[in-house]
Amino acid sequence: GDSVTQMEGPVTLSEEAFLTINCTYTATGYPSLFWYVQYPGEGLQLLLKATKADDKGSNKGFEATYRKETTSFHLEKGSVQVSDSAVYFCALSDPGAAGNKLTFGGGTRVLVKP
Amino acid sequence: ETGVTQTPRHLVMGMTNKKSLKCEQHLGHNAMYWYKQSAKKPLELMFVYSLEERVENNSVPSRFSPECPNSSHLFLHLHTLQPEDSALYLCASSQASGGAYNEQFFGPGTRLTVL
């Protein structure tokens, strides 16, 4: 079956540091890939997405590139802020599954210190 | 109201109580989902409704009973829960259209505590 593996946290870094969160996946078809973010006390919000190989998703300074050859979708941000402290989830969508089922990674907690 | 709303935001219940969680989406979507988010565990998909028909039930115990009366509303009826059922319950919706991708939009969740 489909699966998503992402690095365990917590990841602690200083403001303006470079952030990378690794995500790799296994899927039988050609999935779409997503990063969701969950701020404290809130639900998940879509951060960015990519629907085919070599697509780059970007939003709020975050970027991730769909790498089919390495089955990866690593999240990066060049200069983090305290407000980026949250839990980040990598996910994939199997287009053949009824109801657009998402498969999530375990989440990576990021803590940015001033 | 916009997006996906959930009520109540917090719920404390005893093991013999019966309660219901409510989710409403204002996005015109036709698929809705219940997820369970426990501390230190991956997000678990519980139920999927597409076009108001249940399409997936991931072996969830019968003490959780979903109901989808129309495409905008989703309920999760709870009865005789266990303390290990304490978690954040998230609702989501999407536009499910013939296998094409559409992202899911999440509500803020209901924090459930079972005593």
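It should be noted that the structure appears before, not after, this text.
Not measured: the values here are computed from a predicted model. Residue numbers here run from 1 along each chain, matching the order of that chain's written sequence. Labels are handed out in written order, letters beginning with A for the chains and numbers beginning with 1 for the ligands. In keeping with the predicted nature of the model, local features appear solely for residues at pLDDT of at least 70, side-chain atom pairs appear and are counted solely at 80 or more, and the whole-chain, interface and lining totals rest on all residues. Side-chain measures here rest on the full set of heavy atoms in the structure, leaving out hydrogens and waters.

Visitor: What is the right way to look at the pattern of salt bridges in this model?
Guide: Where side chains of opposite charge bring their charged atoms close, a pairing between them can arise. We define a salt bridge as a contact between a side-chain nitrogen of Lys or Arg and a carboxyl oxygen of Asp or Glu at a distance within 4 Å. In the structure shown here, the tally under the stated rule is 6 salt bridges over all chains. As a salt-bridge pair, aspartate 55 of chain A and lysine 52 of chain A come within 3.3 Å of each other at their nearest N and O atoms. Three labels apply to residues, based on accessible area from a 1.4 Å probe with only protein chains included: buried if under 20% of the type maximum, exposed if over 50%, partly exposed otherwise in between. For aspartate 55 of chain A, a relative accessible area of 22% corresponds to the partly exposed category. Residue aspartate 85 of chain B pairs with arginine 63 of chain B through a salt bridge whose shortest N-O separation is 2.7 Å. Placement of aspartate 85 of chain B in the loop between strand 8 (73–79) and strand 9 (87–94) and of arginine 63 of chain B in the loop between strand 6 (53–57) and strand 7 (64–70) is noted, with a sequence separation of 22 residues between them. Helix and strand assignments come from DSSP, with helices taken as H or I runs of at least 4 residues and strands as E runs of at least 2, each series counted from the N terminus.

Visitor: Whenever I open this one, the side chain of glutamine 25 of chain B confuses me. Can you help?
Guide: Residues and elements named next belong to chain B. Counting through the fold element by element, glutamine 25 comes out in strand 3 (residues 18–25). For the purposes of these results, a polar contact is taken to be a pair of N or O atoms within 3.5 Å, where, inside protein, one atom must be able to donate a hydrogen and its partner to accept one; residues adjacent in sequence count only when each atom of the pair is a side-chain atom. At 3.2 Å, the side chain of glutamine 25 forms a polar contact with the backbone nitrogen of glycine 28. A distance of 2.8 Å separates a polar side-chain atom of glutamine 25 from the backbone oxygen of serine 71. Setting aside residues no more than four positions away along its own chain, glutamine 25 makes contact with Gly3, Val4, Met32, Ser71, Ser72 and Ser93. Contacts: residue pairs with any heavy atoms within 4.5 Å of one another.

Visitor: Please clarify how the interface of chain B and chain A should be interpreted in this entry.
Guide: How big an interface is tends to be reported as the loss of accessible area on association of its parts. Facing the 26 residues of chain B at the interface are 21 residues of chain A. Counting every contact that joins chain B to chain A gives 1 salt bridge. A salt bridge links glutamate 103 of chain B to lysine 49 of chain A; the nearest nitrogen and oxygen atoms lie 3.2 Å apart. Counting every contact that joins chain B to chain A gives 4 residue pairs in polar contact (both at pLDDT 80 or more). Of all the secondary-structure elements, those providing two or more residues to the side of chain B that touches chain A are strand 4 (31–37), strand 5 (44–50), strand 6 and strand 9 of chain B. Only Asp, Glu, Lys and Arg are considered charged, only Ala, Val, Leu, Ile, Met, Phe, Trp, Tyr, Cys and Pro nonpolar, and every remaining residue, Gly among them, polar. Among the residues forming the side of chain B that touches chain A, the class breakdown is 14 nonpolar, 9 polar and 3 charged.

Visitor: Before we go on, may I ask you to explain the layout of surface pockets in this structure?
Guide: Where empty space is left in the structure can be found by rolling a water-sized probe over the atoms. The computed volume of the largest pocket comes to approximately 770 Å³. Surrounding the largest pocket, 29 residues form its lining, Val87 and Arg109 of chain A together with Gln37, Ala39 and Lys40 of chain B being those nearest its centre. Taken together, the elements giving at least two residues each to the lining of the largest pocket come down to strand 10 (86–93) and strand 12 (108–113) of chain A. Here the lining of the largest pocket is built from residues that sort into 11 nonpolar, 11 polar and 7 charged. Using a 1 Å grid laid over the protein atoms alone, points where a 1.4 Å probe fits but cannot get out form a cavity; open sets with protein on both sides within 12 Å along at least 5 of 7 lines form a pocket; any residue with an atom within 4 Å of a point counts as lining. Taken together, Asp2, Lys101, Leu102, Thr103 and Phe104 of chain A together with Tyr35, Leu43, Glu44, Leu45 and Asn58 of chain B make up the lining of the second largest pocket. Only strand 11 (102–104) of chain A together with strand 5 of chain B provide two or more residues apiece to the lining of the second largest pocket. Ranked by residue count, the leading element in the lining of the second largest pocket is strand 11 of chain A, at 3 residues. Classifying every residue of the lining of the second largest pocket gives 5 nonpolar, 2 polar and 3 charged. Grid points are joined across faces, edges and corners, and a volume is the space filled by probe spheres set on the points.

Visitor: For this particular structure, what's the right way to read the nonpolar core?
Guide: A general feature of soluble globular proteins is that nonpolar side chains tend to end up buried together. Working definition of a nonpolar core: buried Ala, Val, Leu, Ile, Met, Phe, Trp, Tyr and Cys residues. They are joined through side-chain atoms within 4.5 Å. Judged by nonpolar contacts, the single largest core of 26 residues is most densely connected at Trp35, Phe73, Leu75 and Tyr88 of chain A. At the level of secondary structure, the elements contributing two or more residues to this core comprise strand 2 (11–14), strand 3 (19–21), strand 4 (23–26), strand 5 (32–38), strand 6 (44–50), strand 8 (62–65), strand 10 and strand 12 of chain A. With 22 residues, the next largest nonpolar core counts Tyr49, Cys68, Leu74 and Tyr89 of chain B among its residues.

Visitor: Would you mind going over the environment of proline 40 of chain A with me for this structure?
Guide: You can see proline 40 of chain A is positioned in the loop between strand 5 and strand 6. A residue is classified by how much of its surface remains accessible, and proline 40 of chain A, at 69% relative accessible area, is exposed.

Visitor: Whenever I open this one, the pairing of strand 3 of chain B confuses me. Can you help?
Guide: Moving residue by residue along a regular strand, the side chains alternate between the two faces of the sheet. Residue and element names in this part refer to chain B. Strands were regarded as paired on the criterion that DSSP finds at least two bridges between them. Sheet topology places strand 1 (residues 4–7) next to strand 3; 4 bridges connect them, and they run antiparallel. What sits directly across from glutamine 6, in strand 3, is cysteine 23. For strand 3 and strand 8, the ladder comprises 7 bridges, and the chain directions are antiparallel. Across the sheet, residue lysine 19 finds its bridge partner in strand 8, namely leucine 78.

Visitor: How should the sheet that holds strand 8 of chain B be read in this particular structure?
Guide: Residue and element names in this part refer to chain B. Strands sit in the order 1-3-8-7 across an open sheet of 4 strands; the sheet is antiparallel. The sheet is open, and its two edges are formed by strand 1 and strand 7, each paired on a single side. Taking each pair of neighbouring strands and ignoring which way they run, the sheet shows an average axis angle of 20 degrees. Every axis corresponds to a line fitted to the C-alpha atoms, with the helix fit spanning only the stretch in contact, and the corresponding angles, defined between N-to-C directions, vary from 0 to 180 degrees.

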